[in-house]
Amino acid sequence: QVQLAESGGGLVQAGGSLRLSCAASGSILSIYVMGWYRQGPEKQRELVATITSGGSTNYADSVKGRFTIYRDNAKNTVTLQMNSLEPGDTAVYYCNVVYTGRYPGTYDVWGQGTQVTVSS
């Protein structure tokens, strides 16, 4: 079983910065993709950013140039640096990891979510 531990959410004024971190632990053989998703009030969950084991990144258009995702493969952690935050970034942010483990097949797991609130 794999668990994700998220940290770093909070309240910040528009224009400020926050850093979200996520650490994966448990029966992990290999992690393919790590990423962050978010769900705002009365909205569907959406992709924010992902990063592959090789370092390739993908960002939502709304966060390009403001957010940076990076990972530490040795520590199975992924971090989302969020700068120039806007009220529209207010959401619960979820970490997601795609991995292989003890049993055949590829799996994904979600974190419990961390609240990010940006005040105007």
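A few points on the structure. Numbers given for residues are sequential positions, taken from 1 along each chain in its written order. In view of the model being predicted, local features appear only for residues whose pLDDT reaches at least 70, and side-chain atom pairs are presented and counted only at 80 or more, with totals across whole chains, interfaces and linings using the full set of residues. The side-chain numbers reported here are obtained from all heavy atoms of the structure, hydrogens and water having been left aside.

**Things to note about the overall build of the protein**
- A tally of helices and strands in the protein yields 0 helices and 11 strands.
- Numbering of helices and strands runs from the N terminus; a helix is a DSSP stretch of H or I covering at least four residues, while a strand is a stretch of E covering at least two. Helices and strands appear in the protein in the N-to-C order β-β-β-β-β-β-β-β-β-β-β.
- Two things to know: the radius of gyration comes from C-alpha atoms, and the globule rule equals 2.2 Å times the number of residues to the power 0.38. A compact globule built from 120 residues should have a C-alpha radius of gyration of about 14 Å, and the protein, at 14 Å, falls within 12% of that.
- Dimensions of the protein along its principal axes, counting C-alpha atoms only, are 45 × 25 × 20 Å.
- The rule is simple: take the accessible area with a 1.4 Å probe, protein chains only, and divide by the maximum for that residue type; under 20% is buried, over 50% is exposed, in between is partly exposed. Burial statistics for the protein: of 120 residues in total, 42% are counted as buried.

**Things to note about the side chain of R38**
- Mapped onto the secondary structure, R38 falls in strand 4 (residues 28-39).
- A relative accessible area of 7% means that R38 is categorised as buried.
- Under the rule applied, a polar contact is a pair of N or O atoms within 3.5 Å (in protein, one hydrogen donor and one hydrogen acceptor; residues adjacent in sequence only if both atoms are side-chain atoms). Of the polar contacts made by the side chain of R38, one reaches the side chain of Y93; its length is 2.9 Å.
- In this analysis, two residues are considered to be in contact whenever any of their non-hydrogen atoms come within 4.5 Å of each other. Setting aside its immediate chain neighbours within four residues, R38 contacts Q44, R45, E46, V48, S62, V63, F67, G88, D89, A91, V92 and Y93.

**Regarding the pattern of salt bridges**
- Put simply, a salt bridge is a Lys or Arg side-chain nitrogen that is within 4 Å of an Asp or Glu carboxyl oxygen. Applying the stated criterion across every chain yields a total of 5 salt bridges.
- Close ionic contact of D61 with K64 constitutes a salt bridge, the shortest N to O distance being 3.1 Å. Here the two residues D61 and K64 agree in accessibility, since each one is exposed.
- The shortest N-O distance in the salt bridge between E86 and R66 comes to 3.8 Å. Of this pair, E86 sits in the loop between strand 8 (77-82) and strand 9 (91-101) while R66 is found in the loop between strand 6 (57-59) and strand 7 (67-72), placing the two residues 20 residues apart along the sequence.
- Under the relative-accessibility criterion, E86 is labelled partly exposed at 38%.
- Salt bridges sharing common partners tie together R38, E46, R66, E86 and D89.

**Quick look at the nonpolar core**
- Among buried residues, those of type Ala, Val, Leu, Ile, Met, Phe, Trp, Tyr and Cys that are joined through side-chain atoms within 4.5 Å constitute a nonpolar core. The biggest cluster of nonpolar side chains holds 30 residues, and the ones touching the most others in it are W36, L80, M82 and Y93.
- Counting residues per element, the ones that place at least two in this core are strand 1 (2-7), strand 3 (18-26), strand 4, strand 5 (46-52), strand 7, strand 8, strand 9 and strand 11 (114-119).
- It is strand 9 that contributes the most residues to this core, 5 residues altogether.

**Focus: the sheet that holds strand 8**
- Read from one edge of the open sheet, 4 strands run 1-3-8-7, paired in antiparallel fashion. Each edge of the open sheet is held by one strand with a lone partner, namely strand 1 and strand 7. On average, adjacent strands in this sheet sit at an angle of 15° to one another, irrespective of strand direction.
- Examined bridge by bridge, strand 3 and strand 8 share 6 bridges and lie antiparallel to one another. Residue C22 lies in a different strand from strand 8, and its bridge partner there is V78. Strands are labelled as partners when DSSP assigns at least two bridges between them. To obtain an axis, a line is fitted to C-alpha atoms, over the contacting stretch when the element is a helix, and the angle between two such axes runs from 0 to 180 degrees between their N-to-C directions.

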